Amino acid sequence: AGMYIEETSAGDPYNAEWLQAYLTAFNRMGLQPHLVRRSEEVRAGVLYFWRINQMFGGGQLAGAPGVGLAVAQHLSAFDVS
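Below you will find a few notes about this structure. Computed from a prediction, not measured in an experiment: that's the story for all the values here. (Residues numbered from 1 in each chain as written. Predicted model: local features only at pLDDT ≥ 70, side-chain atom pairs only at ≥ 80, totals over all residues. Heavy atoms only, no water.)

The subject of this paragraph is the overall build of the protein chain. Helix and strand counts for the protein chain come out as three helices and three strands. Taken from the N to the C terminus, the helices and strands of the protein chain come in the order β-α-α-β-β-α. Across its three principal axes, the protein chain shows a C-alpha extent of roughly 40 × 30 × 15 Å. Per-residue burial over the protein chain gives 26% buried out of 81 residues. Contacts in the protein chain between residues far apart in sequence, at least 24 positions, make up 67% of those at least 6 positions apart. Total accessible area computed for the protein chain in this model is approximately 5400 Å², and 56% of it derives from carbon and sulfur atoms. Mean positive and mean negative side-chain charge positions of the protein chain (5 and 7 charges, respectively) differ by 8 Å. (Helix = DSSP H or I, 4+ residues; strand = E, 2+ residues; numbered from the N terminus. Buried < 20%, exposed > 50% of the residue type's maximum accessible area, 1.4 Å probe, protein only. Contact = heavy atoms within 4.5 Å. Areas by Shrake-Rupley, 256 points an atom, 1.4 Å probe, with all protein chains shown as cover. Lys, Arg positive; Asp, Glu negative; His and termini not counted. Charge placed at Lys NZ, Arg CZ, Asp CG, Glu CD.)

Below, the structure written as structure tokens:
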């Protein structure tokens, strides 16, 4: 398993708490997640977790039309199939 750390949202204090909670959960399950910050770091066959919310992209798209499309485009760079 792995975690995607999107820098523009991970720096937000609220999101930092969620990131720490996920890392704590992995640790308690005895798992060492593969942490990635760039698409080049993604490994085929690994299930990555990412908690997305309004702070994606630094919050510039919060509540804006097209936020879903922007997220989909962002994640398309991570396709390793």
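Let us keep going from here.
Further remarks concern the packing of aromatic side chains. Scanning all chains against the criterion turns up four aromatic pairs. Pairing Tyr-4 with Trp-50 gives two aromatic rings, centres 5.0 Å apart and planes at 70 degrees, and the pair type is edge-to-face. Residue Tyr-4 is located in strand β1 (residues 2-4), and its partner Trp-50 is located in the loop between β3 (48-49) and α3 (67-76); the two are separated by 46 residues in the primary sequence. (Phe/Tyr/Trp six-rings, centres within 6.5 Å; stacked < 30°, edge-to-face > 60°.)

Just geometry here; none of it tells us what the structure is for.
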